[in-house]
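The lines below spell out each chain.
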Amino acid sequence: MLTQELRAEIARAAERAVASGDLPASATPVPPFDVEPPRDPRHGDYAANLALVLARAVGRPPREIGAAILRHLPAPSELVDHAELAGQGFLNLTLAPSCLSRWLRRVHAEDRRFGHTDVGRGRRVLVEYVSANPSGPLHVGSGRGGAVGETVARLLEALGYRVSREYYVNDYGNQVDALARSVEARYLEALGRPAAFPEDGYQGAYVVEIARQIVREHGAQLAEVDGAERFSRIQSIALAAMLADIRNTLEAFGITFDTWFSERTLHERGAVRRVLEELRERDLVYEQDGALWFRATRFGDDKDRVLVRGDGRPTYFAADIPYHLDKYARGFEHLIDVWGVDHIGDVARLRGGLQALGKDPATLEFLIHQHVRLRNEGEAVRMSKRTGEFVTLRDLLGAVGRDAARFFFVMTSPGAPMDFDLALAQRRSADNPVYYVQYAHARICSILREAERAGIPMPQAEGTDLALLTSPEERVLAKRVIMLPDIVHAAGTRREPQRLCAYARELAEAFHVFYTQCRVLTDDATLTAARLMLVDAARRGLRNTLDLVGVAAAERM
RNA sequence: GCGCCCGUAGCUCAGCGGACAGAGCAGCUGCCUUCUAAGCAGCGGGUCGCAGGUUCGAGUCCUGCCGGGCGCGCCA
């Protein structure tokens, strides 16, 4: 990362200042400090706050410290053209032309890997997301979880982690039982037989559709078999149908999971029972009112939690503990659960359950995303899964397309509730920020096609004089492109995928401004070569950013 | 009542303890015989919910309050 190079350069200057007696020894070891682009372009390309950070420890005014560091900072150098002391003690740096050139060449050399780093060092991370109950089609809230989870997974891969994507299938318990009873009733109805539709049943048309599918494939045959057997067979058919639908929808959304983990298997192979026994041995459970309770309050939860109900059936929580133990057992060092806000109350108990069994809470992380409020021309769209009146993720994809949906879901902070206005997103117009970014990419591709048509060869990294790129528009574009590694690092380590969308927009803006000010294909062959390399670097930066968000980098629009 | 999250321009939202708080939309004004006008340039628009505190420095961190959302089940 460029900021790391600059940070190291400034830290070395501070060390030299200490060595020469210009700064007291208390300035070393050099503490962490920020190097970032200032808001005001008059403050240079990057600003460092080391002098301000050191003021307290050194006991001297920041400007005095900054002046001492500045005296030992070589400039002009290959990295920094010039540096100046400003404001309360900022060191404002202007990058050397050779620095921009070197990084632009790096963009070409690394191509699809530009922006990637290796802070993860191959550590294994499991990202679990979506994990919606297979009792109905995915709704738009799952779309947000999917987009956020997928982008976080891609960010972590770009940071050098080995990432696995997992969907936890709740194929056990009340909800899938209700699904099976609903399908069973519709099946019997379809055969013209009397059937009472269950009170807690799912009303949606998809239930009728699954019932029809069973009629097509099995006729009346299943109606003849014994009740328990029939229920079980219908349940597995219904489950398979729902999961196929969910999987297809997610694939259309650009998301593919490595693992679909079945909750049922945890019960069947005794993993739930073993965890209960272990908790009992450690005296972390007690019986009350016929139920088995976990002493969650010992681990920071605000009340104890039921593991086994009075009727002997384990709760969802009881299976969640062995599920997460299984993740660790499979070799993952760090777990990220991307959950909807409706599960926020379950975080403390799961954290407590795993802590009780010796797992380090720091290795289990929750990324909670808030609700999506659907709107149509500003008016709220009512949704209810039970009555079947809701907008599915598939509906959304059909209406606004995958690119707009992915970009919109990632664009806002996961922690803030978001409004998704269907009518607005359906208007395929400039209102939509995703087009602004895609359009920049398409324009670059158009220039490259035009260059090819005119027989202008793509410049080679060696022999192209990038020092010709001196106008403000060219420098801003170059600087934005080479920021990508820092952006990916911040977005990934802080789990703030929305930074990618903000950056994509800024990079596109820098290109559009450049485009209106600077002509790429000119009679000047050396300038043309330099600008071709610049826009080709911008193309790679935009494409790599959009790849992380899951949005297509359109070559024509 | 308790817990978590959110309060930033008319609307939807960005904003990494740093310098004069930004974008898009909406409104108004200009710019296409030249690589895509899905673009660019400009004009307006703010007590960053309120009050304290920490800090050289707070929209950002801490505390309290106000407003909103979600959760607080032997549902998932």
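Residues numbered from 1 in each chain as written. Chains lettered and ligands numbered in written order. Predicted model: local features only at pLDDT ≥ 70, side-chain atom pairs only at ≥ 80, totals over all residues. Heavy atoms only, no water.

(A) Structural view of the overall build of chain A. The secondary structure content of chain A amounts to 21 helices and 15 strands. Counting across all 557 residues of chain A, residues that qualify as buried make up 53%. Across chain A, contacts joining residues at least 24 apart in sequence account for 72% of those joining residues at least 6 apart. When the accessible surface of chain A is totalled, it reaches about 24,700 Å², and 48% of it is carbon and sulfur. Looking at chain A, you have 72 positive and 76 negative side-chain charges, and the mean spots of the two groups are 1 Å apart. (Helix = DSSP H or I, 4+ residues; strand = E, 2+ residues; numbered from the N terminus. Buried < 20%, exposed > 50% of the residue type's maximum accessible area, 1.4 Å probe, protein only. Contact = heavy atoms within 4.5 Å. Areas by Shrake-Rupley, 256 points an atom, 1.4 Å probe, with all protein chains shown as cover. Lys, Arg positive; Asp, Glu negative; His and termini not counted. Charge placed at Lys NZ, Arg CZ, Asp CG, Glu CD.)

(B) Expanded view of unusual backbone geometry. The omega torsion across T28 and P29 is -5 degrees, close enough to zero to call that bond cis. Structurally, P29 is set in the loop between helix 1 (2-19) and strand 1 (35-36). Residues A75 and P76 are joined by a peptide bond in cis, for which omega reads 0 degrees. Mapped onto the elements of the fold, P76 is located in the loop between helix 3 (62-71) and strand 3 (80-86). Look at V130: it is not a glycine, yet its phi comes out positive at around 65 degrees. In this structure, V130 sits in the loop between strand 5 (124-128) and helix 5 (140-158). Given the relative accessible area of 14%, V130 is considered buried. For R495, which is not glycine, the phi dihedral falls at a positive 55 degrees.

(C) Up close: the domain arrangement of chain A. By domain assignment, chain A separates into domain 1 (2-95), domain 2 (101-118 + 430-549) and domain 3 (128-169 + 259-369). For domain 2 and domain 3, the distance between their C-alpha centres works out to 42 Å. Across the contact, 14 residues belong to domain 2 and 13 residues belong to domain 3. Taking both partners together, domain 2 and domain 3 bury about 1,100 Å²; carbon and sulfur atoms supply 65% of that area. Taken as a group, R495, P497 and L548 account for 50% of the area that domain 2 buries against domain 3, more than any other trio of residues on that side. Put simply, domain 2 and domain 3 have one salt bridge between them. R495 is the salt-bridge partner of E365, the closest N and O atoms lying 2.6 Å from each other. (Domains from an automatic or database assignment. Buried area = accessible area lost by both parts, 1.4 Å probe. Salt bridge = Lys/Arg side-chain N within 4 Å of Asp/Glu carboxyl O.)

(D) Representation of the UniProt feature "short sequence motif: 'HIGH' region" (unreviewed entry) in chain A. UniProt marks residues 132-142 with the feature "short sequence motif: 'HIGH' region" (unreviewed entry), using the numbering shown here. Note that residues 132-142 is 27% helix and 0% strand, and that its end C-alpha atoms are spaced 7 Å apart. (UniProt positions renumbered as here; feature names shortened; annotations may be inferred.)

(E) The arrangement of the sheet that holds strand 4 (residues 90-95) in detail. Pairing is antiparallel across the open sheet formed by four strands, whose spatial order is 1-2-4-3. With one partner strand each, in any of the chains shown, strand 1 and strand 3 form the two edges of the open sheet. Judged from the six bridges that link them, strand 3 and strand 4 form a sheet pairing that is antiparallel. Within strand 4, the position partnered with V80 by the bridge is L95. The strands touched by helix 3 are strand 3 and strand 4; relative to strand 3, the strand with the most contacts, the crossing angle is about 160 degrees. (Pairing = 2+ DSSP bridges. Axes fitted to C-alpha atoms, helices over the stretch in contact; angles between N-to-C directions.)

(F) Up close: the protein's contact with RNA strand B. RNA strand B sits among 63 residues. The nearest are R42, N133, R309, Y439 and S446. Backbone atoms, meaning sugar and phosphate, make up 63% of the atoms of RNA strand B lying within 4 Å of the protein. Contact between RNA strand B and D289: a base nitrogen at 2.4 Å from a main-chain N or O atom of the residue. The residue makeup of the surface near RNA strand B, split by class, is 24 nonpolar, 19 polar and 20 charged. (Near = heavy atom within 4 Å. Polar contact = N/O pair within 3.5 Å; in protein donor to acceptor, adjacent residues only side chain to side chain. Nonpolar A, V, L, I, M, F, W, Y, C, P; charged D, E, K, R; others polar.)

(G) Region of the structure containing helix 1. An ideal rise of 1.5 Å per residue puts 26 Å on 18 residues; helix 1 measures up with 26 Å between its terminal C-alpha atoms. Inspection of helix 1 places L2, T3, L6, E9, I10, A11, A13, A14, A17 and V18 among the buried residues, and these make up the whole buried set. Just beyond helix 1, the residue with positive phi is G21, at close to 85 degrees. (Expected span 1.5 Å × (residues − 1).)

(H) Just the pattern of salt bridges, in detail. Across all of its chains, the model carries 44 salt bridges by this definition. Here D302 and R305 are joined by a salt bridge, their closest N and O atoms 3.1 Å apart. For R305, a relative accessible area of 14% gives the class buried. Residues joined by salt bridges that share partners form a network here, namely D111, D536, R539, R540 and R543.

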